[in-house]
Amino acid sequence: MQRTLGTCYYPEHWPEDIWQQDAARMVAAGLTWVRIGEFSWSRIEPTPGDLQWDWLDRAIDTLVSAGLKVVLGTPTATPPRWMVDRHPDMFALDQDGKPRGFGSRRHYCFSHQGYRKEARRIVTLMAERYGPGDRIAAWQTDNEYGCHDTTVSYSDAARAAFVRWLETRYGGDIGALNAAWGNVFWSMDYNRFEQIGLPNLTVTEPNPAHVQAFRRFSSDQVVSFNRDQVEILRAHSDAPIAHNYMGRVTDFDHYKVGEDLEIASWDSYPLGFLEDRVGASPEKQRRYARQGDPDFQAFHHDLYRAVGRGRWWVMEQQPGPVNWAPYNPAPLPGMVRFWTWEAFAHGAEAVCYFRWRQAPFAQEQLHAGMLRPDSAEAPAIVEARQVAEELANAGDVAPSQAPVALVFDYDAEWAWQVQPHGQGLTYFDLVLEHYRALRRAGLSVDIVAPTQSDFSGYALILAPGLMHLTDSLRKALAKAEGQVLYGPRTGARDADFKIPTSPLPPALDGLEVVVAAVESIRPDMPLPLANVDGAVTGYLETLETAAEVLVEIAAGQPVAVAAANQVYCAGWLDGDGLDHLVATLCARAGLGICKMPEGVRRRQTATEEFWFNHLAEPVDTEVGTLPPAGVFRRLRKS
Ligand code: GAL
């Protein structure tokens, strides 16, 4: 598959007489794709039933005639104002029971049956009109499910659907639910499913089993909302269907949504993320302010490659300053090109820049585009053009398996949120910190779903923090030939959020280890490791084991233990500790490592090798001196 570029365009924002010129400029810049339509409902249907397709027909014709391929977004992320008059209770409710109302976007509850019907109606009309023929080259469903904290809703509609979901899960047996959740604890037993409310507005914390069930239900509502649209689009069109996911939005199971789609895509805003959701120290924020975190984008590239089962895009790439982070610096010159190549190095088929022209009105006035509001070129278009020229000789996307697999499990993310045991401890951070350590060792990583059944070909498999370890994953990992890392908290809860009363963790193949006690640790009380740099922070389990000790704390308690290819790590290690653990695991796996200079990362596929310098200064590496925003690429000999 050829690597291609594109942009996000809003014909409804601009006078019709500049569409043609815009399209010609896109083609001249080397762009292939143009995504349109995802926020256009109020112009498609200004009043109920009054369908105005003409402008969209002409916009599509203009873009297609210029030689562009159109990705058409379904407009369901932005229901028009009249929809609210029809369905006044369609909003999601926040945890305090307050409606999240009209005036921005994503103002709907995934469980509201009236809105679900409206969404199906507009998608059907769109699919009937544009599905046949080849005007549309790909579809996008909705826009960024879950963004702005919109997966979970405490509405009446959600409650009604949750009750039905629980009835199905527990086979209509309320006694089974009471037993599974331990409702006897504070006399929380229910007599009937209809009595079950949502886990908000309780006096003190709700039952964690109740919350985890609600989180799983809320995720399933996103999956079924998306599936409605996919079924309709498929009935009318052969074009592939994508969704554009967001960075660090983990409230629904992206793998499950992804199973219904041909392509995963995501929206990559490296500078916004660094300020807003990486959780970096102020010093790191300053050091990488114009480049972004060296691992955060790569992590999502690898994650969404898994969600797309190999096929993935960047649907929106940051082109300059964004408007939504606490501070919004401009990227270093060269960074837009750098981010584009980084995505290609991780297997992206396409990278599309958000957006074509900066909007002179409304919420994103301060968000850069490829063009300025006056239509003059902004820096991003110059760098995109450069990439387009480079792509002419760069070959195709070649899928290849990495030597390391890292399991990422959305269910574990919710479980840690429901019961972190220590302030600020998140599963996402735990996994990201393992990923960072692997990357500091120069390793390329495949992120894999917890449903992975075959780990053959992986020299090293990391599965940290899986609070509920399913039987199927336990069996698949037991069969793996590579080194397998578990813990902390592996199998610490059963499927209903109870602590298993058999010794923990559930028998790992050949590794006899029992978690006798658990504690969380203040961040200002790290426990130094014995003999090596590094410490346990945040979380530590006390192990009963006769297995070989690989890592222990200076006070003498084992942290990582091993038998054959199975390794259990009982603590949350800091960066140095993880570097040591990764080096130890690689030595056991016979996997070579290549220590990266600070800010430098390498990505290898079967056919190519890339080096990226994320620093604002030049760095010496074994492939030469990389300038700021430097990208080095070479072909690998097979
Ligand atoms: C994305 C969103 C776009 C735009 C962009 C701004 O999250 O999908 O519509 O708002 O952010 O950075």
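Okay, so let's go over this structure. (Residues numbered from 1 in each chain as written. Predicted model: local features only at pLDDT ≥ 70, side-chain atom pairs only at ≥ 80, totals over all residues. Heavy atoms only, no water.)

## Overview of the layout of surface pockets
Here the largest pocket defines a volume of roughly 1200 Å³. Every residue lining the largest pocket is counted, 44 residues in all, and those nearest its centre are Phe39, Thr78, Ser104, Arg105 and Gln363. Its residues placed into classes, the lining of the largest pocket shows 16 nonpolar, 14 polar and 14 charged. Here the second largest pocket defines a volume of roughly 690 Å³. Within the residue set of the lining of the second largest pocket, elements represented by two or more residues are helix 11 (282–287), helix 16 (427–440) and helix 18 (575–589). Its residues assigned to classes, the lining of the second largest pocket shows 13 nonpolar, four polar and 13 charged. (1 Å grid on protein atoms, 1.4 Å probe; cavity = no way out; pocket = protein on both sides within 12 Å on 5 of 7 lines; lining within 4 Å. Points joined across faces, edges and corners; volume = space filled by probe spheres on them. Nonpolar A, V, L, I, M, F, W, Y, C, P; charged D, E, K, R; others polar. Helix = DSSP H or I, 4+ residues; strand = E, 2+ residues; numbered from the N terminus.)

## A short note on the sheet that holds strand 24 (residues 631–635)
Where strands meet in a sheet, backbone hydrogen bonds hold them as pairs that are either parallel or antiparallel. Spatial strand order, 20-21-24: three strands in an open sheet with antiparallel pairing. The sheet is open, and its two borders are formed by strand 20 (600–604) and strand 24, each paired with just one other strand. Each adjacent strand pair in this sheet contributes to an overall mean axis angle of 10°, direction not counted. Running over the sheet, helix 13 (residues 335–345) touches strand 20, strand 21 (608–613) and strand 24 and is turned about 145° from strand 21. (Pairing = 2+ DSSP bridges. Axes fitted to C-alpha atoms, helices over the stretch in contact; angles between N-to-C directions. Contact = heavy atoms within 4.5 Å.)

## Some words on the packing of helix 3 (residues 54–65) against helix 5 (residues 113–130)
Packing of helix 3 against helix 5 leaves a shortest axis separation of 12 Å and a crossing angle of 45°. Taken together, the axes of helix 3 and helix 5 lie oblique to each other. Considering the relative orientation of helix 3 and helix 5, their crossing is right-handed. In contact with Leu56, Asp57 and Ile60 of helix 3, helix 5 contributes Met126, Arg129 and Tyr130. (Parallel < 35°, antiparallel > 145°, perpendicular 65-115°, else oblique. Left-handed = near helix turned anticlockwise from the far one by under 90°.)

## Re unusual backbone geometry
For the peptide bond that leads from phenylalanine 354 to arginine 355, omega is 5°, which places it in the cis range. Among the secondary structure elements, arginine 355 is positioned in the loop between strand 8 (350–353) and helix 14 (379–391). Phi at arginine 309 is positive, roughly 45°, even though this residue is not glycine. Take arginine 309: it is sitting in the loop between helix 12 (296–307) and strand 7 (312–317). Judged by relative accessible area, arginine 309 falls into the exposed class, the value being 52%. (Buried < 20%, exposed > 50% of the residue type's maximum accessible area, 1.4 Å probe, protein only.)

## Structural notes on the nonpolar core
If you look at the biggest cluster of nonpolar residues, it comprises 206 residues, and the most contacted ones within it are Phe162, Leu166, Trp181, Phe299, Phe408, Phe455 and Tyr568. Broken down by element, the residue count for this core peaks at 11 residues, all from helix 8 (residues 208–236). (Core = buried A, V, L, I, M, F, W, Y, C linked by side-chain atoms within 4.5 Å.)

## Notes on the packing of aromatic side chains
Taken as a whole and assessed by the stated rule, the structure comprises 46 aromatic pairs. Ring centres of phenylalanine 299 and phenylalanine 428 lie 5.4 Å apart, and the angle between their planes is 70°; on these two criteria the pair is classed as edge-to-face. Within this pair, whereas phenylalanine 299 is found in helix 12, its partner phenylalanine 428 is found in helix 16, the two being separated by 129 residues in sequence. Residue phenylalanine 428 is classed as buried on the basis of its relative accessible area of 0%. Taking the ring centre of tryptophan 14 as reference, the NZ or CZ of arginine 357 above it sits at 4.4 Å. (Phe/Tyr/Trp six-rings, centres within 6.5 Å; stacked < 30°, edge-to-face > 60°. Lys NZ or Arg CZ within 6 Å of the ring centre and 35° of its normal.)

## Describing the pattern of salt bridges
Across all of its chains, the model carries 43 salt bridges by this definition. Across the salt bridge formed by glutamate 617 and arginine 287, the nearest N and O atoms sit 3.3 Å from each other. Here arginine 287 lies in helix 11 and glutamate 617 lies in the loop between strand 21 and strand 22 (619–621), a separation of 330 residues in the sequence. The class of arginine 287 is partly exposed, set by a relative accessible area of 33%. The residue arginine 601 makes a salt bridge to aspartate 295 at a minimum N-O spacing of 2.7 Å. In this pair, arginine 601 sits in strand 20 while aspartate 295 sits in the loop between helix 11 and helix 12, placing the two residues 306 residues apart along the sequence. For the pair shown, arginine 601 and aspartate 295 are each scored as buried. Within this structure, Lys284, Asp293, Asp295, Arg436, Arg439 and Arg601 form a network of salt bridges that share partners. (Salt bridge = Lys/Arg side-chain N within 4 Å of Asp/Glu carboxyl O.)

## A short note on the sheet that holds strand 9 (residues 404–407)
One open sheet holds the seven strands; their spatial order is 10-9-11-12-18-17-16, and the pairing between them is mixed. Each end of this open sheet is capped by a strand with a single partner; those strands are strand 10 (445–448) and strand 16 (548–552). Neighbour-to-neighbour, the strand axes of this sheet turn through a mean angle of 20°, independent of strand direction. With four bridges connecting them, strand 11 (residues 460–463) and strand 12 (residues 483–486) associate as parallel partners. By the bridge assignment for strand 12, alanine 463 is matched with tyrosine 486.

## Re the environment of proline 597
Its location among the elements puts proline 597 in the loop between helix 18 and strand 20. In this structure proline 597 comes out as partly exposed when scored by relative accessible area, which is 24%. A C-alpha to C-alpha distance of 45 Å links proline 597 and alanine 66, two positions 531 residues apart in sequence. Excluding its chain neighbours within four sequence positions, the residues that come into contact with proline 597 are Val619, Asp620 and Thr621.

## Here's the deal with the site of the ligand
In the vicinity of the ligand, the residues found are Phe39, Arg105, Asn143, Glu144, Met246, Asp267, Tyr269, Glu316, Trp324, Phe354, Glu364 and His367. Within the side chain of glutamate 144, a nitrogen or oxygen atom sits 2.5 Å from an oxygen atom of the ligand. Protein coverage of the free-state accessible area of the ligand, which is 310 Å², stands at 98%. Because more than half of its atoms lie within 2 Å of the grid, the ligand is assigned to the largest pocket. The residue makeup of the shell around the ligand, split by class, is five nonpolar, two polar and five charged. (Near = heavy atom within 4 Å. Polar contact = N/O pair within 3.5 Å; in protein donor to acceptor, adjacent residues only side chain to side chain. Areas by Shrake-Rupley, 256 points an atom, 1.4 Å probe, with all protein chains shown as cover. Sits in = over half its atoms within 2 Å of the grid points.)

## Focus: the packing of helix 13 against helix 14
Across the interface, helix 13 lies against helix 14 with an axial gap of 8 Å and an inter-helix angle of 40°. The orientation of helix 13 with respect to helix 14, classified from their angle, is oblique. By crossing handedness, the relation of helix 13 to helix 14 is classed as right-handed. Where helix 13 approaches helix 14, its residues Met335, Val336, Arg337, Thr340, Trp341 and Phe344 are matched on the opposing element by Ala380, Glu383, Gln386, Val387, Glu390 and Leu391.

## With respect to the side chain of histidine 367
Mapped onto the elements, histidine 367 comes out in the loop between strand 8 and helix 14. Taking the relative accessible area as the measure of exposure, histidine 367 reaches 1% and is therefore buried. In contact with histidine 367, other than residues within four places in its own chain, are Tyr269, Pro319, Pro321, Val322, Asn323, Trp324, Phe354 and Gln358.

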